[in-house]
Amino acid sequence: MNPPTERGGWWHEYVCPAHGVELAHVGFDSGNFPAGGVPCSYGCRVDTPAVRGAWTVLAHHFWARRIRLLSYDGGGADLLTSYARLYSELTKAGEHEQAQGWMQRGRLFHQALTDAVWGVPIAHSILNLAGKAELSETLPMLDGMVEGARRARDAMVAQDKFSSNYTAWFNALGTTASQAAAAVRGEAWSGAAEWLTGERGQFAHLEAATGEDGWEWEASTYYHGFVLRAYLLSLRGFDPSLVPDRLEKMIAALASIATDGGILPALHDGPYLRVPLALEWLEIVALARQFTTGHSLDAVAARALAEVGPEYDGLEDKLTNWFDGSPRNALFQRELVSSCYAVMRVPGIHAILDHGPHGGSHGHHDKLALYLYGATTPWQPDPGQVPYGHAQWRAHYKSVAAHPTLRIDNLEPAEATGELTREANSVTATIAGWYDGVRATRRLIAGDNYLVDVVRVTADREREIVLQFRPDVELTVEVGPDAFRTTWTGDETLYGYHVSRGAVPVTRPGAGPADDPQRVRTWVDWTVAGADATYCSVYSTAPVDVAVTGDVLTVDGHEHLIGGL
């Protein structure tokens, strides 16, 4: 039962090359790579240098979490001392020479970012035990972490990448490692000006990396949480009332996309489902509860706890008295419309319309995508992303074909941002410039117990125009004389009524979300050949009466002017 004794690689290589699934988390506690290779859920055994390096990353992180858990009960000092010796030995050669060219090189791992994510819990463990155990041997490691964080942050500034999610973690490492070093030396900490409040500190990064609505600029659920977690971990012992309001907006933004049953849609890059991510959500919620009374994330924590299952270790319950001050009284409510997403809720249906900026390298070709959830059922979810080391599946989940949006002539669109307008009971997103000569709008109308979705496309010439359905539940399609109906069957059932002049619903097998690309689902490509197309759908959790007469859509006696089909 020992940590690994080798430097780590890049965890995103921890993926089956055949099936695209993340490999099994086995053998971490032994410190020894599994004999015969790491298994995947389809029976493969994978043993390559890249997978060995990725396994070593995850094993080191496993031990950082274990030590952190022990430290809250006064244990782990011997492990920290031995880790400090190992760290000095493994990193004496300097930067990791096997890192890929695009990476900011780390010392213990390929990436400096991975060094920081591993170093923060190690530093917190030392801080927990300072004054209770002899930890002087950890000082060279802590000092090296601080210098490494400073060097890495300076490199991001020099590359004009200060707003990168990397910077949040470099600041988090600089904060926690310098605090731990001061505590071991018996000195007062004097690093707040450099790591928190200064011109390159966390508060400056918070303003640079998020918008007025609180969304981290990449508009990814995962990277939003990734940065938020770094901020919260940096603020141990800090008064919440002295933190910029933008951090509370980040918490509200996260809550705004969560369903009533706690599903956090995997918008843009990030895992669809992953136990280590669920553990991170538990940590974020535990800290957010102490930061603001208006966190609105209890359902997220409950769902994350269910996802963790037998791997639950209760770490977040140890994170008490994190801040030096009471939680802020809630200043912000969950915004249903932001610069990135519009959220519409009708009874039983949670809909998200993607309209905002692309999101840089973590963005997907998903403008005008409509994601549909019940409280606990992902009827038509954002499919998320596989570990980045699998180039082929990564390209698929980034593509327009993987998302419930429009596809033109089977081409990838350009990066683009839509324009959103809002009325009393509806929102409309408009986009142009993504496909040459094509303009499209998507309007969502909230009814009493149903959702209306109207999509319009105009092109400068005849094109193949496809509106895509991408379920993660059993989907049945029934074609009638004037429309077709769909039934989406999960824990909750969704009913759809769909009508369009000249459009043909073509069903075909397609990949499920990114946690398992081998899971086959029924895809629908609602196809028109022409220079314009209009599609109208009505969604409800119980069957409704629908009729279309000219420009008027009637649902259970309620009329909506939608324009001609």
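Please read these numbers as outputs of a predicted model, since none were measured by experiment.

**Student:** Sorry, what's going on with the overall build of the protein here?
**Tutor:** Assigned secondary structure in the protein consists of 12 helices and 18 strands. The C-alpha atoms of the protein give 25 Å as radius of gyration, which agrees with the globular expectation for 565 residues (24 Å, within 12%). With the principal axes as the frame, the protein shows a C-alpha extent of 80 × 55 × 45 Å. Classification of the 565 residues of the protein by burial places 59% in the buried group.

**Student:** It is not clear to me how the nonpolar core should be interpreted in this structure. Could you clarify?
**Tutor:** For soluble globular proteins, the rule of thumb is that nonpolar side chains tend to be buried together. Counting residues in each nonpolar core, the largest one holds 117 residues, and the members touching the most others are Y14, W118, I122, L142, M145, W169 and L247. A per-element tally of this core places helix α3 (residues 112-129) first, with 11 residues. Contacts of M145, omitting those with residues within four sequence positions, involve Y87, W118, G119, I122, L173 and A177. Formed by 41 residues, the second largest nonpolar core is a distinct cluster that contains Y435, A459, L467 and F469.

**Student:** Looking at this model, I keep getting lost on the packing of aromatic side chains. Mind explaining?
**Tutor:** Centre-to-centre distance and the angle between the planes together describe a pair of aromatic rings. One pass over the structure, following the stated rule, counts 24 aromatic pairs. When the ring of F109 is compared with that of W118, the centres are 6.1 Å apart and the planes differ by 65°; the resulting orientation is edge-to-face. In this structure, F109 and W118 share a single accessibility class: buried. Taking 6.2 Å as the distance between ring centres and 90° as the angle between the ring planes, the aromatic pair formed by Y166 and F170 counts as edge-to-face. Here F170 and Y166 lie together in helix α5 (residues 165-185), a separation of four residues that amounts to about one turn. Every member of this aromatic cluster is reached through a ring pair, and the members are F469, F484, W488, W526, Y535 and Y539. Here the guanidinium or amino end of R66 rests over the ring plane of W63, the centre of that ring lying 5.0 Å away. Above the face of the Y388 ring, R394 is positioned so that its terminal group lies 4.2 Å from the ring centre.

**Student:** Looking at this structure, how should I read the sheet that holds strand β16 (residues 546-549)?
**Tutor:** Backbone-to-backbone hydrogen bonds join strands into a sheet, with any given pair of strands oriented parallel or antiparallel. Strand order in the open sheet formed by three strands is β16-β17-β18, with antiparallel pairing between adjacent strands. Of all strands in the sheet, those bounded by a partner on one side alone are β16 and β18 (558-561). Between one strand axis and the next, the sheet turns by 20° as a mean value, whatever way the strands run.

**Student:** What is the right way to read the pairing of strand β11 (residues 474-479) from this model?
**Tutor:** Sheet faces and side chains relate simply in a regular strand, where the side chains alternate between the two faces. As defined by bridge partners, β11 adjoins strand β12 (residues 484-489) across six bridges and the pair is classed as antiparallel. If you follow E474 over to β12, its bridge partner there is T489. In this structure, the hairpin formed by β11 and β12 is closed by a connection of four residues.

**Student:** Quick question: what am I supposed to make of the side chain of T527 here?
**Tutor:** Position of T527 relative to the elements: it lies in strand β15 (residues 520-540). With a relative accessible area of 19%, T527 lands in the buried category. A polar atom in the side chain of T527 sits 3.1 Å from the backbone oxygen of D525. Ignoring sequence-local partners within four residues, the contact set of T527 consists of E464, I465, V466, G502, A503, V504 and V506.

**Student:** Honestly, the side chain of N165 in this entry has me stumped. Any pointers?
**Tutor:** Its place among the elements puts N165 in helix α5. A distance of 3.2 Å separates a polar atom in the side chain of N165 from a polar atom in the side chain of E218. When sequence neighbours within four positions are dropped, the list of residues in contact with N165 reads L113, E216, E218, Y223, F226, V227 and H362.

**Student:** I'm lost on the environment of T534 in this one. Help?
**Tutor:** If you trace the backbone, T534 turns up in strand β15. Since its relative accessible area comes to 13%, T534 is described here as buried. Taking C-alpha positions, T534 is 27 Å from G363, a pair spaced 171 residues apart along the chain.

**Student:** Honestly, the state of the cysteines in this entry has me stumped. Any pointers?
**Tutor:** A covalent bond between the sulfur atoms of two cysteines is what we call a disulfide. Counted according to the given criterion, the structure contains zero disulfides. Counting only cysteine sulfurs, C16 is the nearest neighbor of C40, a cysteine outside any disulfide, at a range of 3.8 Å. Here C44 stays free of any disulfide, with the sulfur of C16 as its closest cysteine sulfur at 3.8 Å.

**Student:** Just checking my understanding: could you explain unusual backbone geometry for this structure?
**Tutor:** What is expected of a backbone is that most residues other than glycine have negative phi and most peptide bonds are trans. Positive phi, normally seen in glycine, also occurs at A219, with a value near 55°. Its location among the elements puts A219 in the loop between α7 (202-209) and α8 (221-234). A relative accessible area of 1% means that A219 is categorised as buried. For N410, which is not a glycine, the phi torsion comes out positive at approximately 60°. Its location among the elements puts N410 in the loop between β6 (406-408) and β7 (419-422). Residue N410 is classed as exposed on the basis of its relative accessible area of 57%.

Thresholds, definitions, all that
Residues numbered from 1 in each chain as written. Predicted model: local features only at pLDDT ≥ 70, side-chain atom pairs only at ≥ 80, totals over all residues. Heavy atoms only, no water. Helix = DSSP H or I, 4+ residues; strand = E, 2+ residues; numbered from the N terminus. Rg over C-alpha atoms; globule rule 2.2 N^0.38 Å. Buried < 20%, exposed > 50% of the residue type's maximum accessible area, 1.4 Å probe, protein only. Core = buried A, V, L, I, M, F, W, Y, C linked by side-chain atoms within 4.5 Å. Contact = heavy atoms within 4.5 Å. Phe/Tyr/Trp six-rings, centres within 6.5 Å; stacked < 30°, edge-to-face > 60°. Lys NZ or Arg CZ within 6 Å of the ring centre and 35° of its normal. Pairing = 2+ DSSP bridges. Axes fitted to C-alpha atoms, helices over the stretch in contact; angles between N-to-C directions. Polar contact = N/O pair within 3.5 Å; in protein donor to acceptor, adjacent residues only side chain to side chain. Disulfide = S-S within 2.5 Å.

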